[in-house]
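Analysis of the macromolecular model
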Amino acid sequence: MRHTEQWLENIPLPVVVTNHDGVIRRYNFRFAQLFAKKADGINIQELFDQWTSYEHNIISAQLEGKPYALNCNECEDDGQASLFYVVNDGAYIQKVQQKIHELSQVNQELDAIIEDSFDVIYITDGEGNTLKVNSAIETCTGFSKENFIEKNVRTLVKDGYLKDSVTLKVLEQKQTVTILTVNNAGKERLSTGKPIFNEEGEIVRVVTNARNFSELDEVYQELRKALELNNYYKKELEKLKSKNRRDPDAIIKSADMLEIFDLGERISEVDATVLVLGETGVGKDVLAKHIHRSGRRYENGKFVKINCGAIPHDLLESELFGYEAGAFTGAKRTGKQGMFELANNGTLFLDEVGDLPLTLQVKLLRVLQEKSIQRVGGTKMIDVDVRLIAATNRNLKQMVKEGEFREDLFYRLNVIPIHIPPLRERKEDILPLVYHFLHTLNTKYLMKKEFDRGLKEFFYNYNWPGNVRELSNLVERLILMATEDVVTVKHLPAEYGQQEYSEQEYGQPIHDQKEYDLKGEYEKEMTLKEAKEIAERKVLIAAVQRYGSTYEIAHKLRTSQTTIVRKLKQYKLHANQ
Ligand SMILES: Nc1ncnc2c1ncn2[C@@H]1O[C@H](COP(=O)(O)OP(=O)(O)OP(=O)(O)O)[C@@H](O)[C@H]1O
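Being a predicted model, the structure only gives us computed values, none of them experimental.

1. Concerning the sheet that holds strand β5 (residues 66-77)
Read from one edge of the open sheet, 6 strands run β2-β1-β6-β5-β4-β3, paired in antiparallel fashion. Both outer strands of the open sheet, β2 (24-27) and β3 (50-54), are each paired with one neighbouring strand and no more. Each strand axis lies, on average, 25 degrees off the axis of its neighbour in the sheet, ignoring direction. In this sheet, β2 lies alongside strand β1 (residues 15-19) in antiparallel orientation, the contact comprising 3 bridges. Across the sheet, residue Val16 finds its bridge partner in β2, namely Tyr27.

2. Brief notes about the pairing of strand β7 (residues 120-125)
Of all 6 residues in β7, 6 are buried; the element is thus mostly enclosed. The alternating pattern of β7 places Val120, Tyr122 and Thr124 and Ile121, Ile123 and Asp125 on opposite faces, both of which are buried. Note: β7 against strand β11 (residues 203-212), 6 bridges, orientation antiparallel. Note on β11: the bridge partner recorded for Tyr122 is Thr208. Note that β7 and strand β8 (residues 130-133) share 3 bridges and pair antiparallel. What sits directly across from Tyr122, in β8, is Val133. From the end of β7 to the start of β8, which pair antiparallel, there are 4 residues, and Gly128 there has a positive phi angle of about 95 degrees.

3. Side note on helix α17 (residues 430-444)
An α-helical segment advances 3.6 residues per turn. Residues three or four places apart therefore align on the same side. Between its terminal C-alpha atoms α17 stretches 21 Å, which fits the 21 Å expected from 15 residues at 1.5 Å a residue. Buried residues along α17 sit against β19 (450-451), α18 (453-461) and α19 (467-481).

4. Regarding a nonpolar patch on the surface
A cluster of nonpolar side chains, Leu229, Tyr232 and Tyr233, forms an exposed patch at the surface whose accessible area comes to about 340 Å². Among the secondary structure elements, Tyr232 is positioned in helix α8 (residues 213-244).

5. What to know about the sheet that holds strand β14 (residues 347-351)
With parallel pairing, 5 strands are arranged side by side in an open sheet as β13-β14-β17-β12-β18. Only two strands of the sheet have a single partner each, and these edge strands are β13 (303-307) and β18 (416-419). For this sheet, the mean angle separating the axes of adjacent strands, direction not counted, is 20 degrees. Pairing analysis gives 5 bridges linking β13 to β14, with the strands arranged parallel. From the neighbouring strand, Ile306 faces β14, where its bridge partner is Leu350.

6. Observations concerning the nonpolar core
Formed by 33 residues in total, the largest nonpolar core has its most connected members in Leu320, Phe340, Leu348, Leu350 and Leu413. Sort the elements by how many residues they give to this core and helix α14 (residues 358-370) lands first, with 5 residues. Not counting chain neighbours up to four residues away, the residues in contact with Leu320 comprise Ile306, Gly338, Met339, Phe340, Leu348, Leu350, Leu356 and Leu360. If you look at the next biggest cluster of nonpolar residues, it comprises 24 residues, including Leu423, Tyr462, Leu471 and Leu478.

7. Structural notes on helix α7 (residues 166-173)
When we look at burial in α7, the residues that qualify are Val166, Thr167, Leu168, Val170 and Leu171. The secondary structure elements touched by the buried residues of α7 are β7, α6 (153-158), β9 (177-182), β10 (188-197) and β11. For α7, the N-terminal cap is Ser165; the gap from its side-chain oxygen to the backbone nitrogen of Thr167 is 3.2 Å. Downstream of α7 by a residue or two, Lys174 has a phi angle that is positive, lying close to 55 degrees.

8. Describing the environment of Gln545
The residue Gln545 is located in helix α21 (residues 528-546) in this model. For the pair Gln545 and Gly466, spaced 79 residues apart in sequence, the C-alpha to C-alpha distance is 6.7 Å.

9. Details of the site of the ligand
Neighbouring the ligand are 18 residues, the closest being Ile251, Thr280, Gly281, Lys284 and Asp285. Within the side chain of Lys284, a nitrogen or oxygen atom sits 2.6 Å from an oxygen atom of the ligand. For the ligand, whose unbound accessible area comes to 620 Å², protein coverage reaches 84%. Comparing atom positions with the cavity grids shows the ligand to sit within the largest pocket. Sorting the residues of the shell around the ligand by element identifies α10 (284-294), α17 and α19 as the ones contributing at least two each. Looking at the shell around the ligand element by element, the count peaks at 3 residues for α10. Of the residues in the shell around the ligand, the class split is 8 nonpolar, 4 polar and 6 charged. Built from parts of two domains, the shell around the ligand gets at least three residues from each of domain 3 (255-421) and domain 4 (424-510).

10. Things to note about a negative patch on the surface
On the surface, Asp256, Glu259, Asp262, Glu425 and Glu428 cluster together into a negatively charged patch. Relative to the assigned elements, Glu425 resides in the loop between β18 and α17. Judged by its relative accessible area of 53%, Glu425 falls in the exposed class.

11. Considering the pattern of salt bridges
Between side chains of opposite charge, pairing is possible as soon as their charged atoms come close. By the definition in use, this model includes 28 salt bridges. Residue Glu341 pairs with Arg375 through a salt bridge whose shortest N-O separation is 2.8 Å. Of this pair, Glu341 sits in helix α13 (residues 339-342) while Arg375 sits in the loop between β15 (372-374) and β16 (381-383), placing them 34 residues apart in sequence. Residue Glu341 is classed as buried on the basis of its relative accessible area, which comes to 12%. Classification of Arg375 by relative accessible area gives buried; the value is 14%. Where salt bridges share partners, they join Glu269, Asp271, Arg296, Arg297 and Asp385 into one cluster.

12. Here we look at unusual backbone geometry
At Glu150, a position not held by glycine, the phi torsion is positive, near 65 degrees. For Glu150, the position within the fold is in the loop between α5 (136-141) and α6.

13. Some points on the pairing of β1
For β1, the tally of buried residues reaches 4 of 5 residues, placing the bulk of the element in the interior. Looking at chain direction, β1 and strand β6 (residues 80-89) are connected through 5 bridges and run antiparallel. Within β6, the residue paired with Val16 across the bridge is Tyr85. Hairpin connection of β1 to β2: 4 residues between the antiparallel strands, including Gly22 at a positive phi of 95 degrees.

14. Details of the layout of surface pockets
A volume near 660 Å³ is recorded for the largest pocket. Forming the walls of the largest pocket are 33 residues, and the residues nearest its centre are Gly281, Val282, Gly283, Asp285 and Val286. With 4 residues, the top contributor of residues to the lining of the largest pocket is α10. Across the lining of the largest pocket, the residue classes tally to 10 nonpolar, 11 polar and 12 charged.

The rules behind the values
Starting from 1, residues in each chain are numbered consecutively following that chain's sequence as written. The model is predicted, so local features are restricted to residues of pLDDT at least 70 and side-chain atom pairs to those at 80 or more, both for listing and for counting; the totals for chains, interfaces and linings are taken over all residues. Think of the side-chain values as coming from all heavy atoms in the structure, minus any hydrogens and water. Here, a strand pair is defined by DSSP locating no fewer than two bridges between the strands. Labels follow the DSSP assignment, with helices taken as runs of H or I lasting at least four residues and strands as runs of E lasting at least two, numbered in each case from the N terminus. For helices, the fitted axis covers only the stretch in contact; all axes are lines through C-alpha atoms, and the angles between them, taken along N-to-C directions, range from 0 to 180 degrees. Using a 1.4 Å probe on the protein chains alone, a residue whose accessible area is under 20% of its type maximum counts as buried, one over 50% counts as exposed, and one in between counts as partly exposed. Residue count minus one, scaled by 1.5 Å, sets the expected span of a helix. Contacts were defined at the residue level, with two residues in contact if any of their heavy atoms lie within 4.5 Å. Patches draw on residues past 30% relative accessible area with no salt bridge. Two like charges within 9 Å are joined, as are two nonpolar side chains (Val, Leu, Ile, Met, Phe, Trp, Tyr) within 5 Å. The method behind every accessible area is Shrake-Rupley, applied with a 1.4 Å probe, and residues are considered shielded solely by the protein chains displayed. Salt bridges are counted wherever a side-chain nitrogen of Lys or Arg sits within 4 Å of a carboxyl oxygen of Asp or Glu. Nonpolar core, defined: a set of buried Ala, Val, Leu, Ile, Met, Phe, Trp, Tyr and Cys residues in which side-chain atoms within 4.5 Å join the residues together. Throughout this description, a polar contact denotes any pair of N or O atoms lying within 3.5 Å of each other; where both atoms belong to protein, one of them has to be capable of donating a hydrogen while the other can accept it, and for residues adjacent in sequence the pair is counted only when both atoms sit in side chains. When we say a residue is near a molecule or strand, we mean one of its heavy atoms is within 4 Å of it. A cavity, in this analysis, means grid points on a 1 Å lattice covering only the protein atoms where a 1.4 Å probe fits yet has no way out; a pocket is instead an open set bounded by protein on both sides within 12 Å along at least five of seven lines, and a residue lines either one if it has an atom within 4 Å of a point. Should more than half of a molecule's atoms lie within 2 Å of a pocket's or cavity's grid points, that molecule is taken to sit in it. Residue classes follow a fixed rule: Ala, Val, Leu, Ile, Met, Phe, Trp, Tyr, Cys and Pro count as nonpolar, while Asp, Glu, Lys and Arg count as charged, and any other residue, Gly among them, counts as polar. An automatic or database domain assignment supplies the residue ranges for each domain. His is not counted here, nor are the chain ends, while Lys and Arg score as positive and Asp and Glu score as negative. By convention, the point assigned to a charge is CZ for Arg, NZ for Lys, CD for Glu and CG for Asp. Grid points are joined across faces, edges and corners, and a volume is the space filled by probe spheres set on the points.

Shown next, in the form of structure tokens:
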């Protein structure tokens, strides 16, 4: 055995010598044992099933599923430049390889995360040399990312790429630093740099995060817009829902009324007091109910109505606020809830609020301010959550001037004033109302009555002092009184006249009931008392037709309700209510 072979055999690992191209020249016994075939003259790579070269002359190879790690060094063999391979078990190398692979994947993921960040992420070593930076630096500084990679922050500041460097401050102060910077474009950025120390307490990395406030603000604005849109859709949905709740019997066709009812929907969710103004019978009640139905109070509480003009003054307080047991003679033993309590979480509709006596006006004001009531004869305060809608056909401002209505209460009620115009000022509503009542009443009375064109014209042209209430009453009267199926002007009750009225005359209905036919009366010879009676009767007939209650007539005619009741009896007249 030659000296070299002997030397190879002495090595306790498989070894092989190849020429520079990898062709095997000689090997030891341990190497020979690895292969079934003879290795002489074969290229070493062909002996293995897999062959991968790495840096530092390391080769990872595989043979029949077993991993090997080969270490390659240059040597001289018989005076020829050769390669000397030592073959090791590759299991360890394979593990290291696996780890390297895993680490490089993690590294890639980390790079992707850093790159995708909305904030600038900037990492340097302990000297301030840039190791990593993401593309957000470009929008932040206006310079491309390549200008930063591997550069030292001191150079970057000197060359004007960075205005202010939080990394430098961290390196100087050896602690976390936060600064607010403004870039060339005037955008504000909050930068926080954090040092990472090694075991010796030296800084090995500085990781900086910079957040663009202006962009954040833009994102916030976008979010706000999206939320607003969301809210808008929610409200529209609510509106649609509340539209479904609309009273199908409320006929709203004119532009004025559509706007008023729309406003009613819009204010349905706020609790401000609404003051509904308008002549008698225009639909103040209908609007109040509509406001209640459109909002959440419809689901949570009741709509309670109290007509301040129809209830005797001495009963009104206990009706409104309730009473405790034994509060007065005739009071229930259990006591009684008032309208405020009944309307808790709902809506209280105070109709004819102008008829509220001054003493109760003070109490109402207190309830509105304190949101709690005290029952008559009671001592404890009861909390109430009530939305108040008040209505009147009286001129409250004038009443305030004349000392009949408290100014403070007026302002408290008048938070959202809504005036409903009389029917004569919204004629587009007249015929739809006529058709509506005609249809409803035909169904109710199992009839098939129709109005002819002349009658419809009358309806359209008449000035309706009693507004919708008067219109609906007249439709009902006509349906019930007319014997024919087609109802015409000749069926109109006497007080509406049957002669050919001009449009102007419709506006001033003539009351030619036989009993009260006043035409030409004044031409007769008569006493002053008789003339006064005729005039009084005439005024009363008109008032009865126009106004709903004796209280209202009394108010309009500036006299007491008892006088009105007496006079109506005297002239054999009846009020509508
Ligand atoms: N738009 C409408 N559609 C259908 N019916 C209506 C409409 N407006 C009013 N009415 C009817 O007319 C009548 C009078 O309406 P409402 O009681 O709401 O009037 P008001 O203004 O409150 O009257 P008052 O001042 O006398 O209390 C009621 O029967 C009501 O149902």
